[in-house]
Amino acid sequence: MSNTYWLNGKYVEKEDAYISPLTHTLHYGLGAFEGVRSYASEDGKSVNIFRLKEHTERLFESSKIINVPIDYSFEEVMNAQLGVIEKSGLKDAYIRPLIYLNSEQLGLDIDGMGSHLMISCWEWPSYFGAESLESGIDVMVSSFTRQFPNSLMTKSKISGGYVNGVMAHDQAKRNGYQEAILLDTNGFVAEGSGQNIFIIKNGKLMTPELMCCLNGITRRSVIQIAKDHGIEVIERQITRDELYTADEIFFCGTAVEITPIRSVDKINVGVGKRGEITKKIQETYISAVRANADQYKDWLSQV
Ligand SMILES: Cc1ncc(COP(=O)(O)O)c(C=O)c1O
């Protein structure tokens, strides 16, 4: 079955969602997107989008930061994301709203240019493969540096900013790792190519402050879940050697969910497998997204 997309206010079939080769964003990367997930509930009775409001808020903030306008209301954009899942009949799916400049003109002057908003969706099970959620993944510290906030602002998901993440990820894959950890310009841990990072030491959870990493919605969820479990969470600068000596480390993000890291630069994290705190947070997160935790029901929007 073809998935239904939403393009500039209308539902279209995937095959009819074309863009011009002169689309400005395709040339210069000035656009922004979101990555959102829907999940079937544990009892199979409903499909829900996880933290739809927060993702939509971040999309509007991204649009403001890059000065590319969204011509639709907040409500319309929320409803369109619910609509593409409903019309496509998808359950465990990924939703990709993308705001991009039109093809009226090329060049660096964007004054007065209009934009398009497309919302696509597709079925997307686990990011690194189902087994990695339990076994963990092997990662390397990248030779690429995460961009400084004043070169590419990290509070928005700017399309062009992902060149940095894609190259770091590709370098890691070519060197036999599954993912990369990027450091910031001062050498402190920033985040993964497309995910936030947490380390655990002596029962405490630590994550980089919101300077050179995205204000991840899963990161916020993890902080809430940890606090609800009585686990202390500290947001601070983290050094590279703290990765090597951590008891547990995990990535978190909409796409990767909660993925344990079992080694960094071939050095085992803890005993080299998923740790107990990671497991606890992962299980609570999965219960929340699958509508199996009453406490977190307001994070879900039913399709
Ligand atoms: C660079 C980057 N960091 C972190 C994240 C995690 O953010 P979220 O939990 O909102 O998906 C993402 C994914 O969107 C990302 O692209």
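Residues numbered from 1 in each chain as written. Predicted model: local features only at pLDDT ≥ 70, side-chain atom pairs only at ≥ 80, totals over all residues. Heavy atoms only, no water.

In terms of strand pairing, strand E1 (residues 4-7) meets strand E2 (residues 10-13) through 4 bridges, oriented antiparallel. Paired with Tyr5 across the strands is Val12, a residue of E2. Connecting E1 to the antiparallel partner E2 that follows it, the hairpin turn spans 2 residues, and Asn8 within it adopts a positive phi of roughly 50°. (Pairing = 2+ DSSP bridges. Helix = DSSP H or I, 4+ residues; strand = E, 2+ residues; numbered from the N terminus.)

This model, assessed by the stated rule, comprises 0 disulfides. Here Cys213 stays unpaired: no disulfide links it, and the sulfur of Cys212, its closest cysteine neighbor, is 7.7 Å away. In this model Cys252 remains outside any disulfide bridge; the closest cysteine sulfur is found in Cys213, 9.5 Å from its own. (Disulfide = S-S within 2.5 Å.)

Further remarks concern the pairing of strand E10 (residues 189-192). Sheet analysis places strand E9 (residues 179-183) next to E10, joined by 3 bridges and oriented antiparallel. Paired with Leu182 across the bridge in E10 is Glu191. Where E9 folds back on E10, the antiparallel hairpin that results is connected by 5 residues, among which Gly187 adopts a positive phi of roughly 90°.

Time to look at helix H3 (residues 74-88). Taking 1.5 Å per residue as the helical rise, H3 with its 15 residues ought to reach 21 Å, and the 22 Å between its terminal C-alpha atoms agrees with that figure. Within the span of H3, buried status applies to Val77, Met78, Ala80, Gln81, Leu82, Gly83, Val84, Ile85 and Ser88. Count one or two residues on from H3 and you reach Gly89, which has phi positive near 70°. (Expected span 1.5 Å × (residues − 1). Buried < 20%, exposed > 50% of the residue type's maximum accessible area, 1.4 Å probe, protein only.)

So, about the domain arrangement of the protein chain. Taken domain by domain, the protein chain comprises domain 1 (4-123) and domain 2 (132-289). The C-alpha centroid of domain 2 is placed 26 Å from the C-alpha centroid of domain 1. In this complex, domain 1 contributes 19 residues to the contact, which on the side of domain 2 involves 19 residues. Summed over both sides, the interface between domain 1 and domain 2 buries roughly 1800 Å², with carbon and sulfur atoms accounting for 61% of that surface. Ranking the residues of domain 1 by area buried against domain 2 places Phe33, Phe50 and Arg58 at the top, with a combined share of 33%. On the surface where domain 1 and domain 2 come into contact, there are 0 salt bridges. (Domains from an automatic or database assignment. Contact = heavy atoms within 4.5 Å. Buried area = accessible area lost by both parts, 1.4 Å probe. Salt bridge = Lys/Arg side-chain N within 4 Å of Asp/Glu carboxyl O.)

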